Amino acid sequence: MSERKVLNKYYPPDFDPSKIPKLKLPKDRQYVVRLMAPFNMRCKTCGEYIYKGKKFNARKETVMNELYMGLPIFRFYIKCTRCLAEITFKTDPENTDYSMEHGATRNFQAEKLIEQEGAKIVKDREEEELNNPMKVLENRTRDSKLEMEVLENLQELKELNQRQAAPDFEGMIGQARELEQREKEREIEEDERETQEMLGRALMKRLRDSDSDSDQEETPSEAPPREAPPREATPREAPPPASSADRPTDILTTVKPSEAQGPSVGGVKKAKVERWEKSVGKLGGGGALSSLVVRRKPVAAPPAGCISKPGPKGIPTANSVPMNAAPLAIHSSSLSLLGAYSDSESE
């Protein structure tokens, strides 16, 4: 037994190929081949569409007594995918295509048929003119007449369009230029406006920064400067107007013009009021703070054997009275009370 998949086989020395019997097969025998539909077609039986590229197991045979320049023509048999009706088509080497033969109709074939018909007419005309000179003259006359008619119809259409629409090309160009100029001006105005807005925002930011810097320089921890003592206003000088943003405690330091100058009795001015009297007020004169200060009541003498204790800041108290001293009625005036006032400037 010989080996499989070998390239060279053994031929005995007495091998005669003419003695091998030839297989006699009919020329119209059919082969089963696998192919794809060469074009779109529609079945005549059920109306099913068969698209180009669909695969079939077809039977192939050689068409008898039909050659094109020595090339054989083949016929293919397929079945419809829906009704299993038989469809046949064959090769067309003349047009390098396939031609539908039976069982279906080829789609999108009308344009191709029109082209074929036109080519056939041109070919017949050339053959006729080749053998008949008079026919050539007739065809040329007919062509020139047809060309003149076409030119006349085209001229009529042009005149009709000119009557209906007469465009002013210069005006159209001018309008286009005006629109372009307006667009440029508008863009320039927008740029200027945006520039002004940016400058304004930068200026406002700079002002805010300067205000914040000035506020930071004025620290709230520093004590406000002490006010200078008010001087007497001369007849030529007018007192400064009261500000609407004064503090509620300004009433304690505010001096009326009549009090600053001092009332004159018989042309003689009164003595100048002291600073502590302005800030605190007189107790006996019914000032603004006279109702807030209570007079000290007389204190009885301490009993015998009491040890005297010095009061704050050397001010004698009830406990500092000597033992043999008689009880004294201490009459305190407004000046003595103010002397004991620890926050006054006279101390």
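Structure: see above.
Q: So what's going on with the sheet that holds strand 4 (residues 55–68)? Which residues, and what values?
A: Strand pairing in a sheet relies on backbone hydrogen bonds, with the paired strands running either antiparallel or parallel. What the 5 strands build is an open sheet, ordered 1-4-5-6-7; its pairing is antiparallel. Two strands lie at the open edges of the sheet, namely strand 1 (31–36) and strand 7 (97–102), each paired on one side alone. The average angle at which neighbouring strand axes cross in this sheet is 40°, direction not considered. Inspection of the sheet shows strand 4 paired to strand 5 (residues 71–79) by 6 bridges, in the antiparallel sense. Across the sheet, the residue bridging to arginine 59 is tyrosine 77, located in strand 5.

Q: An account of the environment of histidine 102 is needed here, citing residue identities and associated values.
A: Summarising the element assignment, histidine 102 is placed in strand 7. For the pair formed by histidine 102 and phenylalanine 89, sequence separation is 13 residues and the distance between their alpha carbons is 6.8 Å.

Q: Describe the packing of helix 1 (residues 110–131) against helix 2 (residues 133–164), with residues and values.
A: Closest axis-to-axis distance for the helix 1/helix 2 pair is 5 Å, and the angle between their directions is 125°. Here helix 1 is positioned oblique relative to helix 2, judged by the angle of their axes. On helix 2, the residues that touch Arg125, Glu128, Glu129 and Asn131 of helix 1 are Pro133, Lys135, Val136, Asn139 and Asp143. Residue composition of the contact of helix 1 with helix 2, grouped by class: 2 nonpolar, 2 polar and 5 charged.

Criteria and cut-off values
- Residues numbered from 1 in each chain as written.
- Predicted model: local features only at pLDDT ≥ 70, side-chain atom pairs only at ≥ 80, totals over all residues.
- Heavy atoms only, no water.
- Pairing = 2+ DSSP bridges.
- Helix = DSSP H or I, 4+ residues; strand = E, 2+ residues; numbered from the N terminus.
- Axes fitted to C-alpha atoms, helices over the stretch in contact; angles between N-to-C directions.
- Parallel < 35°, antiparallel > 145°, perpendicular 65-115°, else oblique.
- Contact = heavy atoms within 4.5 Å.
- Nonpolar A, V, L, I, M, F, W, Y, C, P; charged D, E, K, R; others polar.

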